[in-house]
Amino acid sequence: MKVKLKPTVDHLTPYEPGRPMEAVKAEYGLTEVIKLASNENPYGASKDVEQFLQNPSPSQIYPDGHAASLRKTVAEHLDVQEDQLLFGAGSDEVILFLCRAILGPGTNTVMATPSFSQYKHNASIEGCEIIEVPLTSSGDHDLERMLAAINEETRIVWVCNPNNPSGNYINQDMFSSFMKKVPDHVLVVSDEAYVEYVEAQDYPDTIPMLETYDNLLILRTFSKMYGLAGLRIGYGVGHRDLISKVEPLRPPFNTTTIAQQAAMIALADTEFVQQCYEKNRAEKQRLRSYFEEQGYNVYPSETNFLLVNVQKNGSEVFQELMKQGVIVRSGVPLGFPECIRLTVGSKEENDTLIRAFNHLYS
Ligand code: PMP
């Protein structure tokens, strides 16, 4: 092909999603497959959302790109102003907007590694230098080293809290003292995709910190706890001046009417969220105990997934589990070659996972 691409795009590799269930069924001749690879909600979405989806809004009408109703609902939910919100087709898209608006050649961005892949991916496309600071051996962000890496050219520091794929979290004291030390020309993005699953009492309450720091932006999503991953909706919350500068980059109709309405309905069903939280907590503990009893190290997790050190190549274990109809994530592409990452499923799914794992090592 003679078409010339931007140099920053030429060497990119596509995002590797968890394997689709249908593809795995076909490849291994399986009738039953469970997917514990992408940290989705195993209990689906609120019944009210499911009911709404039986009879959704008409498709021929463009959505309200401004998402006025959802904006009002989320602003009330978080106790922020409506002009502090930026909606995206998943928080993935908000990451893209931020990189596009802020990063470019001659600038750099600081992030932990391994962490969520999309920070690096989008920053690279903008031709920005990537400064990766390894997690500590326990899987924590090394905030001191991240601070030390910041210089005049730094534009964004990414903090994935809790971190994907390790599951570790940064506590209130550590985050507060980090914010105090970050120079005010540097945007701190606190990616809180799994916030609704957090059990730790000292997890930072970042929303009120927006009043002190105009260089803080928080990412949240409806894809995880709210069970709307397939509808693609997430958002950023930040200072209104920053939001108003980034907002023009947003395509006019980036989030759909269905997603906006489903998100509003999902937010209202606090009982569903509470139930999922309790079930996740109990099942996560059960899986953790199982793996630890087998002698495997499990990273501390404040999320709906566990990173397990299986003491051999994660891709091999991933393949072997897949043959038995259990799709997890190999730690190899995630930067933890001796690990697998698995979503905490329902009780039945976790029983199946445990059976498959026992079979593997028997
Ligand atoms: N941040 C983190 C840490 C994630 O794990 C994910 C999903 N894998 C996202 C952001 C993006 O989620 P979404 O685009 O579905 O909102």
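What counts, and where the lines are drawn
Residues numbered from 1 in each chain as written. Predicted model: local features only at pLDDT ≥ 70, side-chain atom pairs only at ≥ 80, totals over all residues. Heavy atoms only, no water. Helix = DSSP H or I, 4+ residues; strand = E, 2+ residues; numbered from the N terminus. Rg over C-alpha atoms; globule rule 2.2 N^0.38 Å. Contact = heavy atoms within 4.5 Å. Areas by Shrake-Rupley, 256 points an atom, 1.4 Å probe, with all protein chains shown as cover. Lys, Arg positive; Asp, Glu negative; His and termini not counted. Charge placed at Lys NZ, Arg CZ, Asp CG, Glu CD. Domains from an automatic or database assignment. Buried area = accessible area lost by both parts, 1.4 Å probe. Salt bridge = Lys/Arg side-chain N within 4 Å of Asp/Glu carboxyl O. Polar contact = N/O pair within 3.5 Å; in protein donor to acceptor, adjacent residues only side chain to side chain. Pairing = 2+ DSSP bridges. Axes fitted to C-alpha atoms, helices over the stretch in contact; angles between N-to-C directions. Expected span 1.5 Å × (residues − 1). Near = heavy atom within 4 Å. 1 Å grid on protein atoms, 1.4 Å probe; cavity = no way out; pocket = protein on both sides within 12 Å on 5 of 7 lines; lining within 4 Å. Sits in = over half its atoms within 2 Å of the grid points. Nonpolar A, V, L, I, M, F, W, Y, C, P; charged D, E, K, R; others polar. Left-handed = near helix turned anticlockwise from the far one by under 90°. Points joined across faces, edges and corners; volume = space filled by probe spheres on them.

A. The arrangement of the overall build of the protein chain in detail. Across its full length, the protein chain carries 13 helices and 13 strands. Computed over C-alpha atoms, the radius of gyration of the protein chain comes to 20 Å, within 12% of the 21 Å expected from 2.2 N^0.38 for 362 residues, which places it in the range of a compact globule. Referenced to the eigenvectors of the C-alpha coordinate spread, the extents of the protein chain come out at roughly 60 × 55 × 50 Å. Within the protein chain, residue pairs in contact and separated by at least 24 positions form 73% of the contacts whose partners lie at least 6 positions apart. Summing over all exposed atoms, the protein chain offers an accessible surface of approximately 16,600 Å²; the carbon and sulfur share of this is 51%. Mean positive and mean negative side-chain charge positions of the protein chain (32 and 48 charges, respectively) differ by 5 Å.

B. A look at the domain arrangement of the protein chain. On domain assignment, one finds that the protein chain holds domain 1 (7-45 + 271-361) and domain 2 (47-268). Computed over C-alpha atoms only, the centres of domain 1 and domain 2 are separated by 24 Å. Counting residues at the interface gives 30 residues for domain 1 and 34 residues for domain 2. Both sides of the domain 1 and domain 2 interface together cover about 2,600 Å² of buried area, and 60% of this is carbon and sulfur. Linking domain 1 with domain 2 are 1 salt bridge. The partner of Lys-284 in a salt bridge is Glu-199, and the shortest N-O contact between them spans 3.4 Å. Summed over the shared surface of domain 1 and domain 2, the number is 11 residue pairs in polar contact (both at pLDDT 80 or more).

C. Expanded view of the sheet that holds strand β7 (residues 216-221). With mixed pairing, 7 strands are arranged side by side in an open sheet as β2-β8-β7-β6-β5-β3-β4. One side of each edge strand has no neighbouring strand; the edge strands of this open sheet are β2 (85-88) and β4 (129-134). When strand polarity is set aside, the average angle formed by the axes of neighbouring strands in this sheet is 20°. Packing of helix α8 (residues 172-181) onto the sheet brings it into contact with β5 (154-160), β6 (187-191) and β7, and relative to β6 it is tilted by some 160°.

D. View of helix α11 (residues 270-293). Compared with the 34 Å implied by 1.5 Å per residue over 24 residues, the 34 Å span of α11 between its first and last C-alpha is a close match. Buried residues along α11 sit against β9 (297-298), β10 (305-309), β13 (339-343) and α13 (347-361). Directly beyond the C-terminal end of α11, a positive phi value near 95° is found at Gly-295.

E. Seen up close, the site of the ligand. In the vicinity of the ligand there are 13 residues, among which Ser-91, Asp-191, Tyr-194, Thr-221 and Ser-223 approach most closely. In the environment of the ligand, an oxygen atom lies 3.0 Å from a nitrogen or oxygen atom belonging to the backbone of Asp-92. Within the side chain of Tyr-194, one N or O atom sits 2.7 Å away from an oxygen atom of the ligand. Compared with its free state, where it exposes 400 Å², the ligand has 94% of that area covered by protein. Under a 2 Å grid-point criterion requiring more than half of the atoms, the pocket assigned to the ligand is the largest pocket. For the shell around the ligand, the class distribution of residues is 4 nonpolar, 5 polar and 4 charged.

F. Layout of the packing of helix α5 (residues 91-102) against helix α6 (residues 117-125). In contact at an axis separation of 9 Å, α5 and α6 are set at 35° when each is read in the N-to-C sense. Note on packing geometry: the crossing formed by α5 with α6 is right-handed. In this structure, α5 uses Asp-92, Ile-95, Leu-96 and Cys-99 to contact α6, whose residues at the interface are Gln-118, Tyr-119, Asn-122 and Ala-123. Taken together, the residues that form the contact of α5 with α6 break down as 5 nonpolar, 2 polar and 1 charged.

G. Representation of the sheet that holds β10 in the model. With antiparallel pairing, 4 strands are arranged side by side in an open sheet as β9-β10-β13-β12. What marks the edges here is a single partner per strand, and that holds for β9 and β12 (329-330). Note: β12 against β13, 2 bridges, orientation antiparallel. From the neighbouring strand, Ser-330 faces β13, where its bridge partner is Ile-340. Set on the sheet, α11 makes contact with β9, β10 and β13; between it and β10 the angle comes to about 5°. Sheet contacts for helix α12 (residues 314-323): β12 and β13; angle to β13, the most-contacted strand, approximately 45°.

H. Quick peek at the layout of surface pockets. What the largest pocket holds in volume is close to 1,200 Å³. What lines the largest pocket is a set of 45 residues, and nearest its centre among them are Tyr-15, Phe-116, Ser-117, Gln-118 and Arg-329. The set of elements that each furnish at least two residues to the lining of the largest pocket consists of α5, β3 (108-113) and α6. Looking at the lining of the largest pocket element by element, the count peaks at 5 residues for α6. A per-class count over the lining of the largest pocket returns 18 nonpolar, 15 polar and 12 charged. Here the lining of the largest pocket gathers at least three residues from each of two domains, domain 1 (7-45 + 271-361) and domain 2 (47-268).

I. Fine view of the packing of α12 against α13. Where α12 contacts α13, the two axes come as close as 10 Å, and the packing angle between them is 115°. Crossing of α12 against α13: the hand is right-handed. Contact with α12, carried on its side by Val-317, Glu-320 and Leu-321, involves Ala-356, Phe-357, Leu-360 and Tyr-361 of α13 and no other residues of that element. Taken together, the residues of the contact of α12 with α13 sort by class into 6 nonpolar, no polar and 1 charged.

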